[in-house]
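Structural characterization, general
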Amino acid sequence: MSDSGDEVTDLALAAGRGDRDAASALIRATQRDIWRFLLYLVGHTAAEELTQETFVRALKGAHRFAGHGRTWLLAIARRVAADHLRAVIPDQDRQFAAERAAERQLPGTDETIAINRVVRLLPRDRRDAFVLTQVLGLGYAEAAEVCDCSVATIRARVAWARQELVAAVGTGEMRPEGVTRGKKFTRSLRT
């Protein structure tokens, strides 16, 4: 760490200056977080391909980079996911897809799988804020940068997401068969 005090930012700056080793190190340092973020946005099938697309776009534009490396990459990943969803879901089918997603029954008994699926059913703005702060561990300010909104908006979106997740689990509407609504499971959503 030299220029910024943040390894990912330093790697992004070096990659922008044409340092291939820094570009490789940047990918190694952030690939897992980018993939996990995309997994929540678009699902397992597309996450791997879109992770690669994120890094292709990032490295093409690295010479213009001037900011915080991790939030810069997550913002690119978010745009890649949005482009992907626009391409695979025609305009007239988006409302239908949203309605169908709300009707789905969640199979399985593993709480981790169940909560991942419930999170994916949240409205996109709330899901992004929740995943960035609660799954990837970004601070509210960093998440606000990625989502291009205020910190107060991120806080509200996370709070609404938590309420929706607790309600979904509490009513059993989105709870998979065999998963009981234990205090530990519901409490983890409230914190």
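Note: the structure precedes this text.
Residues numbered from 1 in each chain as written. Predicted model: local features only at pLDDT ≥ 70, side-chain atom pairs only at ≥ 80, totals over all residues. Heavy atoms only, no water.

**What about the overall build of the protein?**
When its secondary structure is counted, the protein shows 10 helices and 0 strands. Going from N to C terminus, the protein has its helices and strands arranged as α-α-α-α-α-α-α-α-α-α. The buried share of the protein, reckoned over its 191 residues, is 41%. In the protein, 59% of the contacts between residues at least 6 apart in sequence involve partners at least 24 apart. Carbon and sulfur atoms form 48% of the exposed surface of the protein, whose accessible area is close to 10,800 Å². (Helix = DSSP H or I, 4+ residues; strand = E, 2+ residues; numbered from the N terminus. Buried < 20%, exposed > 50% of the residue type's maximum accessible area, 1.4 Å probe, protein only. Contact = heavy atoms within 4.5 Å. Areas by Shrake-Rupley, 256 points an atom, 1.4 Å probe, with all protein chains shown as cover.)

**Observations regarding the packing of aromatic side chains**
Enumeration according to the criterion identifies 1 aromatic pair in this entry. Ring geometry for phenylalanine 65 and tryptophan 72: centres 4.6 Å apart, planes at 50 degrees, overall tilted. Take tryptophan 72: its relative accessible area is 18%, and that puts it in the buried class. One cation-aromatic arrangement involves arginine 155 over tyrosine 140; the distance from NZ or CZ to the ring centre is 4.4 Å. (Phe/Tyr/Trp six-rings, centres within 6.5 Å; stacked < 30°, edge-to-face > 60°. Lys NZ or Arg CZ within 6 Å of the ring centre and 35° of its normal.)

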